[in-house]
Each structure stands twice: as structure tokens, then as C-alpha cells.
Amino acid sequence: MTLPILTLLAAVYLLCTLVGASVYIPVASTSLGRINGILCDGDVSDVASFRGIPYAKPPVGRLRWAAPVKYSTNYPLEGLDAISPGSKCRQGTEGDEDCLFLNVWAPAKAIGAPKPKLPVRVFIHGGGYQTGAGSEDMYDGCKLVQDGKVVFVTMNYRLGILGFMAAPELRDSSADFGVGNWGLLDQRLALQWVRDNIAAFGGDPKKVVLSGESAGAYSTLLHLVTPGSRGLFSAAASFSGSADAMAVDFLRDAYTKGTNIRAALNCSIDKIADRGYANIPDCLRNTPVDIIMAVQAALGLRTVDYCVPTIDGVEIIKHPVTLMEQGRVAKVPILLGVNANEGALEVLAQTGSATNIELRRFYEVVTNLIPVPVTYYERVYEQYDADAFFDGNWIIAAFHAVTDGGYHCPSRRAAKNLAKHGISVRYHILEASQPNSGCPVYVSTGVYLGQEITDLVGALHGYDIPFTFMAPYRSPYNLCRFTDDEKQLASFLSGIINGMAANRNGAPLPPRTKSLTSPALKDIPNWPVWNTTSSLVMDINTAGPELYAAEDIGLDAKCQLWDDILADAIAAGSTAYT
Ligand SMILES: *[C@@H]1O[C@H](CO)[C@@H](O)[C@H](O)[C@H]1NC(C)=O
Ligand SMILES: *[C@@H]1O[C@H](CO)[C@@H](O)[C@H](O)[C@H]1NC(C)=O
């Protein structure tokens, strides 16, 4: 009897070894132990991914609304299996509070290299600080890593009320009494993880480009001005970002929001004793997350009402624009990129259709997104008068106002202030490709707008994402018929971010890659930085980039209004909500 069993065991053993031999497991050795990854599928199998790596202790219980604490538990001997994404952070009914995970992609053969030297690209996702996750399929790094020979990292960070609520009682005594920037601190902890661990994946911690889109771009600029994030990145690329409009709250305004939330959660001072709590933080931290989400849904109808990072005087010492004016920033090369028609998405999300609106509604739509004091209504009217400039179409007027006030002008403001201090600043405007296949919007939202609306909205907010993430080359997005020009644009836009980490001077010039073949895009001799006398805007379009003076494309003139509104708000220390 024994013999056949032994033979059988031997056969099973042999079989396992054979099967095992065909499955290559990429392993990165870090100070906490080994991390086991997985190779990407199909034509990107020379790239490894490591998903769902915890970088902080779960931010629950006493750690809710507190600075994140570094993850420090040793991995099991056989290694940490990092083959599926961790939970995204709680948003509505989705995700979990235990969500502080990051993801790494690296060329398989770079992992464990004795001299780690690959440039590193870190991405902070957008979603208005309320939604999103680093693990979304669109942000998958397999293709961009293969093409760009970089190491790529995305992270989750706390969102909404859980990520950004400020209340006086939540001042963090373990973190110099900072308040309201929990999600931003998560991002920083992830950057510190990159500094400490990325060499195990073949990345050079001295060549890190911090990039982000939308709220991720706002965050990128905030890390530029927060002293605590100094030294964690060597270049920064902000796509559709701002360091002011929609990006940050004055402490007073953040406290007003926090006080309303506290009351809605029945955690006000007059309620806590009845509910058996000794203090407000205990009441807040013991509130089930479902109730917090219900309150968030009930409160958050307007973008200006959302919880966002706070100028708490500790992490964000002063208004970011003031810090930039004073040159109190990380002195690294920076790229400020905006899309030509940023405002279209946010305006249409409110109106629900492209049908014309009345003047009253125009103000409402604009001020739901960007606070404009009533005293400025007349100047807004003069500058965006639909009857004078847009054939009577107030939707188009709103596109322009939100594009300028929320994106183009804040980025210009940052560029001017940073350039004054000798920082290498470059500014670009991404135009919709001609012809526009409609794929960029379709693959990222699942909605095909039809040719007429596609042409009307052009390069709206988020238009850049499928390009910077190489979607035209990736399954299943490549099922949409991107044009050849759009594919080249993807290689270019992904390339300029990689270039900022790879090029010694941080210039956003794309390194040579297999996929970038268009002569108009691959051989840009020079991309001049801004200085006190010259502000050249790179207009990026499928025909090739062209340089224009900011003045000549009307950027300077139209931004005076928005500069004045912001200067008033900073002087008052409050955003004038209408
Ligand atoms: C707060 O208390 C009121 C009155 O007791 C109750 O109706 C409401 O549901 C409570 N809200 C929450 C979020 O618990
Ligand atoms: C400013 O930039 C322009 C364009 O790159 C350049 O020609 C000029 O010399 C620069 N001026 C200064 C003062 O650096």
C-alpha cells in the first residue's frame, strides 16, 4: 500500500514543481520583509505590479481624524502577497475606512537591481477630494511603465469628511495641533514610503516626479508649499490643478463646515452628555461610518460645501498663493498643465444638458463651484457676457468662467509667483485633438457624448487622463477607435511626466520611447521656463506643440478679475460664499 501512495506523492510534487516553475513571482525585499507581486498580463508581461501594500495603520477608532501612523508590522516569512488592490477609501456606500494602501509597478528586471536608478513617477488621483482610488483600472501602470522605463506608484488617501473635516476639537495634539488635512498627510506618508522603499523596486528615490490630476493636482501644489513634504520629490506635475479655487479652505470656513457636520452627527457640546460621551472627539470617532456618509450626502450638494484641505497654520501655514508669492516652496521644477475647456464637465454636470440657461442660473452654476462675492457680479458679467461674446449662450459663458476662474488663472497665478523665485516653471494648455474621436471621454466615463457635444466641449476636465495613462494602447480601452494622432498624444503626455523625473534638469521633454514616433512631438528642442519678462504657454495639440506668449492668448487680461477676487479673499482670511 505504501508504495503507490509514495509514488503518487512524488508525482504530485513533481507536477507542482513544474507548474511552479512556469509562474514567475516578482519579489521586492523591503525592511519589513518580502513583497510578492505579479506580472502584468499579455504584451506587458515584462512589467510587475504590487498592489494593495499597506503604508499606514488602518485610520479607524482613535486614528480617525488623526495623522496617519506608519505601517510597521513585519510581513509574514513567505512574504506579503500584493496581488490585489486594497479597499478604496470610503465614498458614499463604497469602500472602507481601512483603505491606506498603495500600488507599485516596475519593470520586472529592475526589481532588486543592485543599483536602483529608474526614475519614479508618483500619481495622486482626483475626484474632488471626495471620490476615486489609486487602484482604478484607468490608473493601471503596466503600459506606462513598459513604455517609459519608470517605476510608478499610486496611493489611496482618506476622502470627504473622513479625509478633510476640521473642527476645533479635532486639532491633533500628536501632530503640532494640525487639523483638517488628514488625507493630505496620508499622501505624504505614501511619499515617505516611496523614499524609504522604492529602491527595492529599482526606483531612485532622488528622482521622483510627484504628479496629480484635479484634486490630485491641487494636492501636488499643496505638497509644494507644505514644509513637511520638502525633499520628498524632485519635480512636480500638476494636471488641471490649482492651489486656491476649490483646493483649500481658510480655517474659519473649514470650522464652519466642521461645526455643521458635528451638529448633524449629534455630537455638539449640548448633545454629547445625553449620548454618554465625555467629549466631542469621542462622540465623532464612535459614530458609525454609514451615518457619516449619510450626513456627507445630505450636506454636500455644492462643491463649495465639500470638506477640502485647510489652511490650519500648521501644515498649510498660510494661503498657498501667499507662500508661493513669498517663495516659501519646494524649489523643484514644475509643470502646470490645464485643458482648454476645463469648465465644461463641471458645468454640464450641474445643468444636466447643453441647453441654454438664464443669467440667474449662470451665476448659480459658477458660484456652486467657485466662490464669487456678489460685489464682483458686474465684472463677471462684463467679462463673460454671453450676448456680447457667445451668441447669447450662457452655458458657453459658464464654461469659460469656470475654466478661467477654477483652472487657467489659478495655474497662471502659481506659475507667475513661482517663476519670480527662479523656479523652473512651465505651463501648457491641452487642446482637444482634431478630429476628436470621442474616445478620451468615453473610455474614462463610459459615456459617448455624440459628435456634436464632443466637439462643443472639447478638452474638458479629465480629458488628459486617458492620454497620460496610455489608454489608447491598453486593453480594453483600445477597443475605442483612438486616432493615430491621439495615440501619439498619449505617448507624448505620458512621456513629459516621465521626463521630469528622468531628465537631470527636470524638463518635461519626453525621453525616447518606442511608442513616440511623431516628429512633431518627439523632438521638441526646448521648452522655455517662465521668468519675470517672459511667460510662454505650450499649446499642446495633435498637430504638435506651439509656443504662445500668455499675453497674446489673452491669459493675462482675463485673469485680472480672478486675481482680484482671490486677493480680496486672502485679505479677508475667508472665502466669500454667496
Ligand atoms: C440626531 O438626533 C435627531 C433627534 O434625536 C435624530 O432625528 C437624528 O436622526 C439624529 N441624527 C443622527 C445622524 O444620528
Ligand atoms: C526669459 O525667458 C526668455 C524666453 O525663454 C528668454 O529669452 C530671456 O532671456 C529670459 N530672461 C531672463 C531675464 O532670464
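This one's a predicted model, so the numbers in the text were calculated from it and none came from an experiment.

S.K.: Describe the domain arrangement of the protein, naming the residues involved and giving the relevant values.
M.R.: For an interface, size is often stated in terms of accessible area lost upon the parts coming together. The assigned domain composition of the protein is domain 1 (2-249) and domain 2 (344-572). On a C-alpha basis, the centroid separation for the pair domain 1 and domain 2 is 28 Å. Listed per partner, the contact involves 29 residues of domain 1 and 32 residues of domain 2. Listing elements by their share of the side of domain 1 that touches domain 2, those giving two or more residues are strand 7 (118-124), helix 2 (142-148), strand 9 (203-213) and strand 10 (235-239). At 5 residues, the largest contribution of residues to the side of domain 1 that touches domain 2 is made by strand 9. A breakdown of the residues in the side of domain 1 that touches domain 2 according to their chemical character gives 15 nonpolar, 8 polar and 6 charged.

S.K.: Residue-level account of the environment of Glu-342, with values.
M.R.: With respect to the secondary-structure elements, Glu-342 resides in the loop between strand 13 (334-339) and helix 11 (343-351). We classify Glu-342 as buried; it has 30 C-beta atoms within 10 Å. Glu-342 has contacts with Ser-240, Val-402, Thr-403, Gly-406, Tyr-407, Leu-460 and His-461, leaving out every residue within four places of it along the chain.

S.K.: With reference to specific residues and values, describe the pairing of strand 9.
M.R.: By the criterion of burial, strand 9 is predominantly enclosed, with 8 of the 11 residues buried. As judged from the 6 bridges shared by strand 7 and strand 9, these two strands associate in the parallel manner. What sits directly across from Leu-118, in strand 9, is Gly-203. As judged from the 5 bridges shared by strand 9 and strand 10, these two strands associate in the parallel manner. Across the sheet, Glu-213 pairs through a bridge with Phe-239, a residue of strand 10.

S.K.: How would you explain the site of ligand 1 if you had to name every residue and give the values?
M.R.: Around ligand 1 sit Leu-265, Asn-266, Ile-291 and Val-295, and those are all the residues in its vicinity. Considered class by class, the residues forming the shell around ligand 1 number 3 nonpolar, 1 polar and no charged.

S.K.: Any chance you could break down the environment of Asn-498 for me, citing the residues and the numbers?
M.R.: By secondary structure assignment, the location of Asn-498 is in helix 19 (residues 484-502). Judged by the 27 C-beta atoms lying within 10 Å of it, Asn-498 is buried. Spatially, the C-alpha atoms of Asn-498 and Lys-117 are 13 Å apart, while their sequence positions differ by 381 residues.

S.K.: Summarise unusual backbone geometry; cite the residues concerned and give the values.
M.R.: Gln-434 connects to Pro-435 through a cis peptide bond whose omega is -5°. In the segment running from Ser-475 into Pro-476, the intervening peptide bond is cis, with an omega of 0°. The topology assignment puts Pro-476 in the loop between helix 18 (465-468) and helix 19. Within the chain, Tyr-129 stands out as a residue other than glycine whose phi angle is a positive 65°. Note that Tyr-129 resides in the loop between strand 7 and helix 2. Under the C-beta neighbour-count criterion, Tyr-129 is labelled buried, with 26 such atoms within 10 Å. The phi dihedral of Met-470 falls on the positive side, at around 60°, and the residue is not glycine. With respect to the helices, strands and loops of the structure, Met-470 is situated in the loop between helix 18 and helix 19.

S.K.: With reference to specific residues and values, describe helix 15 (residues 394-420).
M.R.: The end-to-end C-alpha separation of helix 15 is 36 Å, in line with the 39 Å expected for 27 residues at 1.5 Å each. Of all the bends in helix 15, the greatest measures close to 45° and is centred on Asp-404. Among the 27 residues in helix 15, 26 count as buried, and that is most of the element. Immediately beyond the C-terminal end of helix 15, within one or two residues, lies Gly-422, with a positive phi of roughly 75°.

Conventions and cut-offs
- Residues numbered from 1 in each chain as written.
- Chains lettered and ligands numbered in written order.
- Predicted model: local features only at pLDDT ≥ 70, side-chain atom pairs only at ≥ 80, totals over all residues.
- Domains from an automatic or database assignment.
- Contact = placed C-beta atoms within 7 Å.
- Helix = DSSP H or I, 4+ residues; strand = E, 2+ residues; numbered from the N terminus.
- Nonpolar A, V, L, I, M, F, W, Y, C, P; charged D, E, K, R; others polar.
- Buried ≥ 20, exposed ≤ 12 C-beta atoms within 10 Å, placed from the backbone.
- Pairing = 2+ DSSP bridges.
- Near = placed C-beta within 6 Å.
- Expected span 1.5 Å × (residues − 1).
- Bend = angle between axes of the 7 residues up to and from the residue.

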